[in-house]
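Each chain is listed here by its residues.
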Amino acid sequence: MIELFMTVFSATFFVTVIRTSTPLLLATLGGLIADLSGALNVALEGMMLVGCLTAVIVSVFAPWYIAVLAAIAAGALLGAVIAFFHLRLKADIILVGFAINIFAAGGTVFALTLATGGDKGTSINLPSKAIPALDLSFLGVIPGIGHTLVQFLSGHSILSWVAAFLVFAIWYFLYRTPWGLWLRGVGEYPAAPEAAGIPVNAIRTWSLLVSGGLAALGGAQLAMFNYVGFTRDMTAGRGFIALGAVLLGARHPVGALLAALLFGVFEALAVVMPGLFNWIPPELIRMIPFVITLLALTLFSYRALRARQLRTLSKI
Amino acid sequence: MSMTTEAVLGRKARWANIRRETGRALAAALIALSVAFVIILLTSKAPLEAFNVLLTAPISRPRTIGLWIDDVAKLTITGLAFSLVFQARQFSMGVQGQVYVGGLAAAYVALSPIGATWLAIPVGVLCAMIAGGFYGFIPGIAKAKLGANEIVSSLMLNYIALELCNYLVRTQLVPPGSGVLTTNDFPATAVFPALVAGTRIDIGLIFAIVAVLAVWFALYRTAWGLKLRLVGHNAQFAEYSGIRSTVIMVSAMTVAGALGGLLGAMFVQGQSFGKLTILFEGGLAFEGILVAIVARSRPLAVPVVALFYGYLRQGAQLMNIRTDVPAEVIGLVTAIIILLVASSFSIPGRKVFARILGRNATPSAVMEGGK
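All chains use their own residue numbering, which begins from 1 and follows the written sequence. As they are written, the chains are lettered A onward and the ligands numbered 1 onward, keeping that order. Local features are withheld for residues below a pLDDT of 70 in this predicted model, meaning they are given only at 70 or higher, and side-chain atom pairs are given and counted only at 80 or more; totals for whole chains, interfaces and linings count all residues. Only heavy atoms go into the side-chain values, all of them from the structure, while hydrogens and water stay out.

Named according to an unreviewed UniProt entry, chain B is ABC transporter permease originating from Devosia neptuniae. The annotation that UniProt attaches to chain B under Subcellular location (unreviewed entry) is "Cell membrane". UniProt positions are given in the numbering used here, feature names are shortened, and annotations may be inferred rather than shown by experiment.

Chain A is annotated in an unreviewed UniProt entry as ABC transporter permease from Devosia neptuniae. Turning to chain A, the UniProt annotation filed under Subcellular location (unreviewed entry) states: "Cell membrane".

Following this line, the structure appears as structure tokens:
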């Protein structure tokens, strides 16, 4: 037990948590934007997966930032597909979302086979690149706390910093700009913004585009930092966990950050625990994030239900 | 106006509806297949051969016909499970998890002393259905009592069941020290007898047929089914008319779960395995979404769609083995079909096309609209 505490409160564990949380956080923010605009994006998983593969393949030919941008574009494109089928052709968004997931699961393996010349499992023989880590070792000159600062802050992926900034940016956008108000209004009660002349469908389309871009950015982090390279189905349910994290984070950017960190902690624990406790079966450790999502979702729904009931009671 | 004219009119409308839906589904399949053809053309060294395998291989030999029919039986069950849930306007995605817990339950029965007696099959199937029903009940009750989103919870339960199956197989069900992740073969009494010797066609097919009829009867000939369809149509209206919609939703998800559990037993006790292997389901359970969507959640249409889709699925598997085109191309076909069938893509193009070609050009008009 002491060993576990030593590990959990170490700088290396903190760095691992940030690393495991970043893809989740990006996908959760993507899910949040779509959810607030009133479009439940169940395709986060597929968008992440496509983001992973696009990033890996483009990074073979181009610098890492081009690969990241390409991933974002691919995710946004999938968002556009959802928007087109859902808003223009009136298909159910959940069915369209699952179509995207099925497309991504098959399509990425298919594309990988083409790109590697027959390898269906991994991109191991593709010379792909990684996203660089931000080196903050100059902070070490600060007397006293410098060393600790370097240990905790240095060596994170650039995208981790981007994600942290995005939490703030999305909060500002949602709660301090008119477009954020429109977006929330469209999700809350579309008839009112419609009557006020706000283009409801345009706003939903943009939200889905941004949602896809963010999820794919999470995928890029996964395939170019957490792991370097693509393996089939490498997102392994993270997109669905992100969907749970949106609800768990009370549909707020800061909540999304906290929820993503929570899942990051459990994912990081799943990484370090087999070394510490080899009597715990790996299958049960891999189960943890899903059990946590389920419990958290249930508890949170229960609290939300209670809050609704209390509000109704106070009105009477 | 007598009753008969009304009945005739109703029948006419129904036939027109069925014709329209069939046309749309066929058109979607044609579009998806042509996209697949273009992709194969661009990627394969021998595209015509690959396409030929995709379209003809499943009926080439008795063995492959057996594979196809076995797939059809399984796709029918998962399609029915999704149909029930969709008809109650729920989006539980838990069939995969139900298949795993059902398979586990059936395997425990088959490997226990009961497995060596004639009770193995009925008890195994029953336990699998109870386990699956329980697993479908969880997201249902969480939704009804707490408002927990059933999509997220059922998906989480899928992963949990999958890992649980991996764990139990590795630690309990496999003889220690063997190193494989497959149990011993079940005793012959616990394996579904084959209907056609030497193929995979077994009594699972009969289960599938019975399930179709039972679900159709439950939905269209019982009070429960009427309530379920009302709830699916308009939960608020149903609530006003005195139907307890949450009870109906939970029961629909539980019954669908029992179907998922049955599918688990069909996997592990069927001729295809006759033992429990990790990851035995191979993603088939999710393909019930496509079957249910194309069948418009109508139980009697489900096996027809399963027949077509199972054929395509087997064709893709055989193409994977015999040519340089990977089976994953079927994922693209599936996605396109879902997108086209779920959307109202036939409406804009039909009038234009009808004007050009005169009347009776429905299927091609539908295609035009989709492009």
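(A) Highlighting the interface of chain A and chain B. Any two residues having at least one pair of non-hydrogen atoms within 4.5 Å are treated as being in contact. Contact residues are listed per partner, giving 46 residues for chain A and 42 residues for chain B. Summed over both partners, the accessible area (1.4 Å probe) lost when two parts come together is defined as the buried area. Here chain A packs against chain B, burying approximately 3800 Å² in sum over the two surfaces, 81% of which is carbon and sulfur. Contact with chain B buries area across many residues of chain A, yet Leu 95, Phe 110 and Glu 283 of chain A alone supply 17% of it, more than any other trio. Salt bridge, as applied in this entry: a Lys or Arg side-chain nitrogen positioned within 4 Å of an Asp or Glu carboxyl oxygen. Scanning the region where chain A abuts chain B turns up 4 salt bridges. With a closest N to O distance of 3.0 Å, Arg 286 of chain A and Glu 163 of chain B form a salt bridge. Contributing elements (two or more residues each) for the side of chain A that touches chain B: α4 (64-88), α5 (93-116), α11 (238-248) and α13 (282-315) of chain A. Considering only residue class, the side of chain A that touches chain B consists of 31 nonpolar, 8 polar and 7 charged. Secondary structure counts use DSSP, requiring at least four H or I residues in a row for a helix and at least two E residues in a row for a strand, with both numbered from the N terminus. Residue polarity is assigned by list, with Asp, Glu, Lys and Arg as charged and Ala, Val, Leu, Ile, Met, Phe, Trp, Tyr, Cys and Pro as nonpolar; anything else, Gly included, falls into the polar class.

(B) Local environment of the nonpolar core. Take the buried residues of types Ala, Val, Leu, Ile, Met, Phe, Trp, Tyr and Cys, join any two whose side-chain atoms come within 4.5 Å, and each joined set is a nonpolar core. For every residue, the accessible area obtained with a 1.4 Å probe (protein chains only) is divided by the maximum for its type, and the residue is called buried under 20%, exposed over 50%, and partly exposed between those limits. Within the largest apolar cluster, 201 residues are counted, with the highest numbers of intra-cluster contacts made by Leu 29 and Phe 98 of chain A together with Met 93, Ile 151, Leu 259, Leu 276 and Ile 289 of chain B. Here the bounds of each domain stem from an automatic or database domain assignment. A domain split of this core shows at least three residues from each of domain 1 (23-44 + 328-371) and domain 2 (65-324) of chain B. In this structure, Phe 13, Val 17, Ala 268 and Leu 269 of chain A belong to the second largest nonpolar core, which totals 8 residues.

(C) Spatial organisation of the UniProt feature "transmembrane region" (unreviewed entry) in chain B. Residue and element names in this part refer to chain B. When the UniProt feature table is mapped to this numbering, "transmembrane region" (unreviewed entry) covers residues 25-45, 65-86, 93-111, 117-138, 203-223, 243-268, 289-309 and 329-347. Here residues 65-86 is 100% helix and 0% strand, with 30 Å between the C-alpha atoms at its ends. Across residues 243-268, helical content stands at 92% and strand content at 0%; the span's end C-alpha atoms are separated by 39 Å.

(D) Molecular detail of the packing of aromatic side chains. Residue and element names in this part refer to chain B. Only Phe, Tyr and Trp rings are paired, with Trp represented by its six-membered ring, and only when their centres lie within 6.5 Å; those with planes under 30 degrees apart are stacked, over 60 edge-to-face, the remainder tilted. The tally for this structure, following the rule as stated, stands at 16 aromatic pairs over all chains. Plain terms: the ring middles of Phe 267 and Phe 273 are 6.3 Å apart, the flat faces sit at 45° to each other, and that makes the pair tilted. When its relative accessible area of 5% is taken as the criterion, Phe 267 is described as buried. A relative accessible area of 27% places Phe 273 in the partly exposed class. Both a distance and an angle decide whether a charge sits over a ring: NZ of Lys or CZ of Arg must be within 6 Å of the ring centre and within 35 degrees of the ring normal. Over the face of the ring belonging to Phe 267 we find Lys 74, whose NZ or CZ atom lies 4.4 Å from the ring centre.

(E) The arrangement of the UniProt feature "transmembrane region" (unreviewed entry) in chain A in detail. Taking the UniProt record as the reference, the feature "transmembrane region" (unreviewed entry) is found at residues 6-27, 39-58, 64-87, 94-118, 130-150, 157-175, 206-228 and 284-305 of chain A. Annotated as 100% helix and 0% strand, the span residues 64-87 of chain A places its first and last C-alpha atoms 34 Å apart.

(F) Layout of the confidence of the model for chain B. Per-residue confidence for chain B gives a mean pLDDT of 85, with 90% of residues at or over 70. Among the prediction metrics, the complex's ipTM stands at 0.85, with pTM recorded as 0.87. The quantity known as pLDDT measures the predictor's confidence residue by residue, on a range of 0 to 100.

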